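What follows is each chain in one-letter form.
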Number of protein chains: 2
Amino acid sequence: MNLHIALAQTPFLVGNISANLQTILDYARDARDRLQADLIVFPELTITGYPAEDLLLRADFIQQANNAIYELAQHLPDIAMVVGYPEQTDNKLYNSAVVLHHGAIIANYRKQALPNYGVFDEQRYFSAGEQPCVFELNGVTLGLSICEDVWQAGIVAQNKAAGAEILLVLNASPFHAGKIYQREQIVCTQARQARLPIVYVNQVGGQDELVFDGASFVTNQNGDIVLRAKEFEPHVSVVEFVDGQPQPAELAPMYAEISSDYQALVLGIKDYVTKNGFQGAILGLSGGIDSALVLALAVDALGADKVEAVLMPSIYTQQMSVEDAIAEANLLGVNYRIISIEPAVNAFSSLLADVFAGRQKDATEENIQARCRGVLLMAISNKQGKILLTTGNKSEMSVGYATLYGDMAGGFAPIKDVSKLWVYKLARYRNSLSAVIPERVLTRPPSAELAPDQIDQDSLPPYEQLDPILERYIERDQTAEQIIAAGFLPAHVERAIRLVDRNEYKRRQAPTGIKMTPRSFGRDRRYPITSGYQGMNLSK
Amino acid sequence: MNLHIALAQTPFLVGNISANLQTILDYARDARDRLQADLIVFPELTITGYPAEDLLLRADFIQQANNAIYELAQHLPDIAMVVGYPEQTDNKLYNSAVVLHHGAIIANYRKQALPNYGVFDEQRYFSAGEQPCVFELNGVTLGLSICEDVWQAGIVAQNKAAGAEILLVLNASPFHAGKIYQREQIVCTQARQARLPIVYVNQVGGQDELVFDGASFVTNQNGDIVLRAKEFEPHVSVVEFVDGQPQPAELAPMYAEISSDYQALVLGIKDYVTKNGFQGAILGLSGGIDSALVLALAVDALGADKVEAVLMPSIYTQQMSVEDAIAEANLLGVNYRIISIEPAVNAFSSLLADVFAGRQKDATEENIQARCRGVLLMAISNKQGKILLTTGNKSEMSVGYATLYGDMAGGFAPIKDVSKLWVYKLARYRNSLSAVIPERVLTRPPSAELAPDQIDQDSLPPYEQLDPILERYIERDQTAEQIIAAGFLPAHVERAIRLVDRNEYKRRQAPTGIKMTPRSFGRDRRYPITSGYQGMNLSK
């Protein structure tokens with residue numbers, strides 16, 4: 001028997017059930033009319049968007065979602081639809097997938113594996129299903145699974161045992177670097193082991209700190225990919241199954257990691273800015289590498305006409321910084337303005353003369369400069385309705401090398417989960433597409449320019465040491481002893497870990513930003529601020 | 001048989017295992033020597049503190065905690081100790097209670113009910129135990145439960161069925177208004193239904209957004225309280241059981257709610273400031289009710305000599321505001337300084353003249369004033385090593401009536417979960433102890449004083465309407481329709497809900513503060529920033 005299955009790699013708006021319902025109908029009509037699909041499969045929790053977080057605790061929201069499913073069943077009787085929704089029954093809520101056909105619900109599956117780690121809180125909301133669900137269409141038996149189900153042992157085999165000839169998987173699987181490859185490996189291995197073709201449909205789009213990359217695919221029972229959809233774009237693909245075997249279909253090449261990373265950042269910015277209704281974006285352009293990269297990302301996400309740069313030099317700003325910042329704006333065709341912060345800094349210095357009298361200069365004076373920039377940028381943002389993008393990277397966020405309400409001020413922090421060395425890699429990648437960042441920015445030593453002749457390495461270990469130490473401590477939970485044993489200098493390890501431990505308070509007030517690593521700051525890493533834990537206790 | 005059981009209502013420092021170990025030993029020695037106790041019961045997860053959050057994902061931390069239990073077993077062989085710890089076995093982690101006696105582990109219980117709602121994420125870390133655990137001491141059979149266990153049906157009865165004559169419950173039960181009464185009601189009902197005396201031991205102290213109130217107690221098998229310990233203080237009590245029945249012991253009266261609320265705020269401030277090593281606290285004193293209350297709380301928590309007030313008038317500040325602020329500082333014996341913000345505001349106005357040219361005045365100009373205050377306060381905080389306390393209340397946090405990086409700037413936000421009307425009640429309560437807030441502050445209409453003759457009710461519904469609307473929408477998940485049906489004006493309901501929905505981005509960058517209601521902002525309420533949900537959709 002033949003079966004045409006459409007993979008609806010759709011964007012959804014969390015919380016907006018009526019808009020999501022319309023998206024489902026539009027995609028289903030297109031799949032039926034243009035692609036002659038018999039069946040269309042949507043991502044996990046299609047109707048609410050993912051993750052809807054504590055909206056799922058509201059009875060009215062759940063009621064709306066369930067009503068929408070009943071309404072949907074009345075439409076498009078001649079194409080079967082697999083749609084994800086939060087299923088309310090008695091006092092329990094399930095993360096479910098429903099199959100609608102000929103105006104009726106012909107199957108309903110409840111997710112069995114509920115992830116409650118990392119960014120996921122599904123056990124906060126949902127009860128776990130306990131059995132597989134298969135249904136028949138055109139004489140073919142299909143099974144249903146949802147996301148985490150296929151990362152666990154047993155559930156794919158359970159579907160095979162229940163008679164499934166094809167397994168449909170609805171997903172909201174967020175991106176991090178390397179995830180696309182990892183996901184294919186795991187799912188293809190499951191398919192091969194169970195001898196069961198798998199149709200894997202993933203959501204696409206940015207939602208607060210998460211980016212969903214799409215990259216839906218189909219694997220045959222040998223674990224070979226026969227269809228690979230575009231990454232980072234809404235898309236509908238179709239695959240034909242003949243006698244239960246998927247036929248070769250559109251096949252994008254496996255994606256290059258640096259290119260995927262860059263696109264994830266672009267999509268994360270684009271969706272945060274547009275879904276939240278901003279007129280555009282502004283940012284402070286310092287002449288350093290971080291703001292250069294964020295400017296390029298913002299332009300690629302929103303268009304040059306929607307982006308504005310603000311240069312805010314001080315007496316510590318080198319002339320080459322101003323030159324490079326202007327060159328960046330010009331290369332990208334972005335309007336910029338220059339506002340000196342000196343008058344504001346001087347006003348505060350006078351007002352605080354009594355407070356500071358007889359005390360040494362310290363970070364306070366540097367923070368005032370950063371905060372004057374914050375006030376200026378926020379005023380422009382407020383007046384113009386454009387979001388302020390912060391430009392801090394993960395290395396800085398980790399060790400607190402940033403000023404609260406200063407350079408940390410803003411609505412969205414695109415590269416907060418990107419280490420400094422990775423920032424350089426992404427900048428070079430972007431320059432390989434077209435030259436937008438002057439070479440000098442890529443080669444001069446990084447500096448916050450808050451004190452005379454300051455460079456980052458006055459205060460921090462060199463990034464070649466710092467970044468891998470941070471990755472081991474934050475993302476892999478290694479101890480100081482383990483990191484030192486791996487060959488890093490004890491003094492660098494000690495300094496890095498102490499700074500990470502004591503700067504949780506800053507991170508807690510940082511704007512949200514895009515998850516790019518297996519463990520980002522945000523929902524992903526939940527540390528106490530008040531803590532006696534000493535990641536670094538060599539001195540004891 | 002006779003048995004003396006000590007209830008160790010102890011403070012713990014999250015993450016500091018060696019300090020917690022020492023606290024356990026100190027309390028156990030005291031209970032043995034001074035109180036002749038046979039057994040001492042500590043709170044939940046004694047050894048790590050609660051909640052240790054993602055520290056529990058670190059193998060080194062778990063190893064340290066388990067080592068500490070083995071070390072503890074070697075001490076004080078002549079008093080039995082019940083201690084909470086994260087028990088590592090193979091690949092699973094349990095929230096466990098161990099009984100140590102004569103140098104050995106004589107019993108070990110694994111928590112069965114793992115809360116994963118509200119502020120709790122226990123299923124992120126722990127596997128659930130599956131059976132009761134009873135042990136014998138002096139011929140008496142005792143059962144063990146941990147916190148959530150006794151809020152569920154079945155687990156108390158399970159202990160009775162397993163032969164327990166007394167149930168020991170280890171807790172880390174955080175405070176909110178009314179919780180002490182609610183907790184006693186639930187536990188006493190469980191005792192009465194199972195005909196089983198219960199010894200309930202709770203942690204005490206502030207930990208980030210949580211305050212643990214202590215208020216440990218003992219109920220007999222009729223559900224009558226026979227021992228009630230102090231609230232909000234470290235304390236050790238003892239109860240004697242004769243033939244399985246608890247004898248009358250120290251019995252604090254049931255606490256008055258407004259007094260408990262005030263003490264919770266004081267303890268929350270005290271522990272946040274001292275555990276994080278600050279030299280003291282500063283705050284902006286406006287002459288309004290919110291900063292007046294926070295000043296009193298800070299002085300009661302830290303002492304007048306550790307607190308400093310900063311008055312920052314502008315051209316919109318009324319003379320009576322300055323007078324009242326000075327009166328507040330004087331009544332509490334707090335040093336204050338006055339810094340006009342005009343020079344800084346004028347500097348920014350000049351710098352931004354081009355940006356603002358041809359545009360109407362709006363919230364931007366108000367935000368600049370608030371942010372100049374933020375810069376000044378943070379500079380004083382940075383220079384002196386004193387934490388900046390913010391003074392915003394829950395009504396403001398809910399509707400976004402506050403300036404990011406302005407009045408929202410600070411390290412801790414004590415009253416962010418206290419509604420405006422509740423602020424007045426607490427202020428009157430504090431004045432009933434001794435007059436510290438001028439009467440005029442309690443009676444004049446509240447104003448942000450950011451524009452000429454501004455009062456809050458120009459922008460917001462009256463607080464008598466606003467506060468109950470917010471409580472229904474935020475804490476009880478009611479819909480607009482339900483709130484209107486309860487008698488509130490549709491226009492007020494609509495405005496309040498719209499503002500709540502659109503201000504999640506501000507709350508996400510707010511400092512942490514004390515949970516005072518059943519649902520606070522923070523770990524307790526996890527809403528998406530990007531959201532199409534319309535709590536208010538009457539217009540559709």
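Note that this is a predicted model, so its numbers are computed, not measured.

Here's the deal with the overall build of chain A
Part 1: Counting its secondary structure elements, chain A contains 17 helices and 19 strands.
Part 2: Against the compact-globule benchmark of 24 Å for 540 residues, chain A has a radius of gyration of 26 Å, which places it among compact chains.
Part 3: Overall size of chain A, expressed as C-alpha extent along the three principal axes, is 85 × 55 × 45 Å.
Part 4: Burial status across chain A gives 65% buried among its 540 residues.
Part 5: Restricting to contacts in chain A with at least 6 residues of sequence separation, those with at least 24 account for 73%.
Part 6: Approximately 18400 Å² of chain A is accessible, and the part contributed by carbon and sulfur atoms is 49%.
Part 7: Side chains of chain A carry 47 positive and 62 negative charges; the gap between the two charge centres is 4 Å.

A closer look at the side chain of Glu 328 of chain B
All names here are of chain B.
Part 1: Mapped onto the elements, Glu 328 comes out in helix α7 (residues 319-332).
Part 2: With no salt bridge to any partner, buried Glu 328 finds its closest opposite charge in Arg 444, at an N-O distance of 7.8 Å.
Part 3: Not counting residues within four places of it along the chain, the set of residues in contact with Glu 328 comprises Leu 285, Gly 287, Gly 288, Ala 292, Leu 295, Val 436, Pro 438 and Val 441.

A word on the sheet that holds strand β19 (residues 387-388) of chain B
Residues and elements named next belong to chain B.
Part 1: Across the sheet, 4 strands lie side by side as β18-β17-β16-β19; this open sheet has parallel pairing. The two strands at the open ends of the sheet, each matched to only one other strand, are β18 (335-338) and β19.
Part 2: In this sheet, β19 lies alongside strand β16 (residues 281-284) in parallel orientation, the contact comprising 2 bridges. What sits directly across from Ala 281, in β19, is Ile 387.
Part 3: Of the strands in this sheet, β16, β17 (307-311), β18 and β19 touch helix α10 (residues 363-384), which is tilted by about 170° from β16.

Things to note about the relation of the copies chain A and chain B
Part 1: Turning chain A through 180° and shifting it by 0.0 Å along the axis lays it on chain B, with an RMSD of 0.0 Å. These values place the two chain copies in the arrangement generated by a two-fold rotation axis. Minimal C-alpha separation from the rotation axis in chain A is found for Gln 509 of chain A, amounting to 2.2 Å.
Part 2: A share of 100% of the interface residues of chain A reappears at the interface of chain B, consistent with the copies meeting face to face through the same patch.

Examining the packing of aromatic side chains
Part 1: One pass over the structure, following the stated rule, counts 18 aromatic pairs over all chains.
Part 2: Ring geometry for Tyr 262 of chain A and Tyr 429 of chain A: centres 5.6 Å apart, planes at 55°, overall tilted. One end of the pair, Tyr 262 of chain A, is in helix α5 (residues 257-275); the other, Tyr 429 of chain A, is in helix α12 (residues 420-433), and 167 residues separate them in sequence. We note that Tyr 262 of chain A, like Tyr 429 of chain A, is buried.
Part 3: The aromatic ring of Phe 521 of chain B is capped on one face by Arg 507 of chain B, whose charged end is 4.7 Å from the ring centroid.
Part 4: Its end group placed over the ring of Tyr 527 of chain B, Arg 525 of chain B keeps NZ or CZ at 3.7 Å from the ring centre.

With respect to the nonpolar core
Part 1: Ranked by internal contacts, the top residues of the largest apolar core, which has 188 residues, are Ile 40, Phe 348 and Leu 352 of chain A together with Ile 40, Phe 348 and Leu 352 of chain B.
Part 2: Non-local contacts of Ile 40 of chain A, meaning those with residues more than four positions away in its chain, are made with Ala 6, Ala 8, Tyr 27, Ala 28, Ala 31, Ile 79, Ala 80, Met 81 and Val 82 of chain A.

Section: the interface of chain A and chain B
Part 1: On the chain B side, the residues contacting the 81 residues of chain A number 81 residues.
Part 2: With both sides pooled, the region where chain A packs onto chain B buries about 7200 Å², and carbon together with sulfur makes up 54% of that total.
Part 3: Across the contact surface, chain A and chain B share 8 salt bridges.
Part 4: In this structure, Glu 365 of chain B engages Lys 383 of chain A in a salt bridge whose closest nitrogen and oxygen atoms are separated by 2.8 Å.
Part 5: The tally of links from chain A across to chain B stands at 49 residue pairs in polar contact (both at pLDDT 80 or more).
Part 6: When contributions to the side of chain A that touches chain B are tallied by element, the ones reaching two or more residues are α2 (59-73), α5, α8 (342-351), α9 (353-356) and α10 (363-384) of chain A.
Part 7: Counting residues per element, the side of chain A that touches chain B draws most heavily on α10 of chain A, which supplies 14 residues.

Here's the deal with the packing of α8 of chain A against α10 of chain A
All names here are of chain A.
Part 1: Contact pair α8 / α10: the axes reach a minimum separation of 9 Å and the direction vectors enclose 130°. Considering their axes alone, α8 and α10 lie oblique with respect to each other. Helix-helix and strand crossings are classified by hand; for α8 and α10 the assignment is right-handed. Contacts from Ala 344, Val 345 and Phe 348 in α8 reach Ile 368, Gln 369 and Cys 372 in α10.
Part 2: Here the residues of the contact of α8 with α10 are counted per class, giving 5 nonpolar, 1 polar and no charged.

Regarding the confidence of the model for chain A
Part 1: Averaged over every residue, the pLDDT of chain A is 96; residues scoring 70 or more account for 99%.
Part 2: The complex prediction reports pTM at 0.97, with the ipTM value standing at 0.96.

As for the sheet that holds strand β1 (residues 2-9) of chain A
All names here are of chain A.
Part 1: Overall, mixed pairing links the 7 strands, which are arranged β5-β4-β3-β2-β1-β14-β15 in an open sheet. Both edges of this open sheet fall to β5 (104-110) and β15 (245-246), since each of them pairs with a single strand only.
Part 2: Here strand β14 (residues 235-242) pairs with β15 via 2 bridges, running antiparallel. Paired with Val 242 across the two strands is Gln 245, which belongs to β15.
Part 3: Across the sheet, α2 is in contact with β3 (80-89), β4 (92-101) and β5; its angle to β3 comes to roughly 150°.

Examining unusual backbone geometry
Part 1: In this chain, Tyr 50 of chain A is followed by Pro 51 of chain A through a cis amide linkage whose omega measures -5°.
Part 2: Here Pro 51 of chain A is to be found in the loop between β2 (39-41) and α2.
Part 3: Of note in this structure, Asp 90 of chain A is not a glycine but carries a positive phi near 45°.
Part 4: Mapped onto the elements of the fold, Asp 90 of chain A is located in the loop between β3 and β4.
Part 5: Given a relative accessible area of 76%, Asp 90 of chain A falls into the exposed group.
Part 6: One non-glycine residue, Asp 477 of chain B, lies in positive phi territory at about 55°.
Part 7: Considering the arrangement of structural elements, one finds Asp 477 of chain B in the loop between α14 (463-475) and α15 (480-485).
Part 8: A residue is classified by how much of its surface remains accessible, and Asp 477 of chain B, at 13% relative accessible area, is buried.

Considering the pairing of β4 of chain A
All names here are of chain A.
Part 1: Most of β4 sits out of view: 9 of its 10 residues are buried.
Part 2: Pairing analysis gives 9 bridges linking β3 to β4, with the strands arranged antiparallel. Bridge pairing links Gln 88 to Leu 93 in β4.
Part 3: Joining the antiparallel neighbours β3 and β4 is a turn of 2 residues, in which Asp 90 adopts a positive phi near 45°.
Part 4: Relative to β5, β4 is paired through 6 bridges, and the arrangement is antiparallel.

Examining the environment of Pro 197 of chain A
Residues and elements named next belong to chain A.
Part 1: With respect to the secondary-structure elements, Pro 197 resides in the loop between α4 (179-194) and β9 (198-202).
Part 2: In sequence terms Pro 197 and Gly 223 are 26 residues apart; their C-alpha atoms lie 7.7 Å from each other.
Part 3: Setting aside its immediate chain neighbours within four residues, Pro 197 contacts Glu 165, Ile 166, Leu 167, Thr 219, Asn 220, Gln 221, Phe 241, Gly 244 and Pro 246.

Brief notes about the pattern of salt bridges
All names here are of chain B.
Part 1: Scanning the entire structure with this criterion turns up 72 salt bridges over all chains.
Part 2: For Lys 111, the salt bridge is made with Glu 122, and the minimal N-O distance between the two is 3.0 Å. Linking Lys 111 in the loop between β5 (104-110) and β6 (134-137) with Glu 122 in the loop between β5 and β6, this pair joins segments that are 11 residues apart in sequence. In this structure, Lys 111 and Glu 122 share a single accessibility class: buried.

Some remarks on the environment of Tyr 429 of chain B
Residues and elements named next belong to chain B.
Part 1: Note on Tyr 429: relative accessible area 18%, which makes it buried.
Part 2: Separated by 167 residues in the primary sequence, Tyr 429 and Tyr 262 place their C-alpha atoms 8.4 Å from one another.
Part 3: Dropping the residues within four chain positions of it, Tyr 429 is found in contact with Ile 258, Ser 259 and Tyr 262.

Focus: empty space enclosed by the protein
Part 1: By the definition in use, this model includes 7 cavities of 30 Å³ or more.
Part 2: As a volume, the largest cavity reaches approximately 600 Å³.
Part 3: Together, 30 residues line the largest cavity, and Arg 508, Gly 522 and Arg 523 of chain A together with Arg 508 and Arg 523 of chain B are the ones closest to its centre.
Part 4: For the lining of the largest cavity, the elements supplying multiple residues, two or more each, are α17 (504-508) of chain A together with α17 (504-508) of chain B.
Part 5: The class makeup of the residues in the lining of the largest cavity is 8 nonpolar, 5 polar and 17 charged.

Focus: the pairing of strand β18 (residues 335-338) of chain A
Residues and elements named next belong to chain A.
Part 1: Bridge analysis of strand β17 (residues 307-311) against β18 gives 4 bridges, and the strand direction is parallel. Within β18, the residue paired with Ala 309 across the bridge is Tyr 336.
Part 2: Once you follow β17 into helix α7 (residues 319-332) and on to β18, the crossover reads as right-handed.

What counts as what
Residues numbered from 1 in each chain as written. Chains lettered and ligands numbered in written order. Predicted model: local features only at pLDDT ≥ 70, side-chain atom pairs only at ≥ 80, totals over all residues. Heavy atoms only, no water. Helix = DSSP H or I, 4+ residues; strand = E, 2+ residues; numbered from the N terminus. Rg over C-alpha atoms; globule rule 2.2 N^0.38 Å. Buried < 20%, exposed > 50% of the residue type's maximum accessible area, 1.4 Å probe, protein only. Contact = heavy atoms within 4.5 Å. Areas by Shrake-Rupley, 256 points an atom, 1.4 Å probe, with all protein chains shown as cover. Lys, Arg positive; Asp, Glu negative; His and termini not counted. Charge placed at Lys NZ, Arg CZ, Asp CG, Glu CD. Salt bridge = Lys/Arg side-chain N within 4 Å of Asp/Glu carboxyl O. Pairing = 2+ DSSP bridges. Axes fitted to C-alpha atoms, helices over the stretch in contact; angles between N-to-C directions. Least-squares fit on C-alpha atoms with pLDDT ≥ 70 in both. Phe/Tyr/Trp six-rings, centres within 6.5 Å; stacked < 30°, edge-to-face > 60°. Lys NZ or Arg CZ within 6 Å of the ring centre and 35° of its normal. Core = buried A, V, L, I, M, F, W, Y, C linked by side-chain atoms within 4.5 Å. Buried area = accessible area lost by both parts, 1.4 Å probe. Polar contact = N/O pair within 3.5 Å; in protein donor to acceptor, adjacent residues only side chain to side chain. Parallel < 35°, antiparallel > 145°, perpendicular 65-115°, else oblique. Left-handed = near helix turned anticlockwise from the far one by under 90°. Nonpolar A, V, L, I, M, F, W, Y, C, P; charged D, E, K, R; others polar. pLDDT = per-residue confidence, 0-100. 1 Å grid on protein atoms, 1.4 Å probe; cavity = no way out; pocket = protein on both sides within 12 Å on 5 of 7 lines; lining within 4 Å. Points joined across faces, edges and corners; volume = space filled by probe spheres on them. Right-handed = clockwise from strand over helix to strand, strands pointing away.

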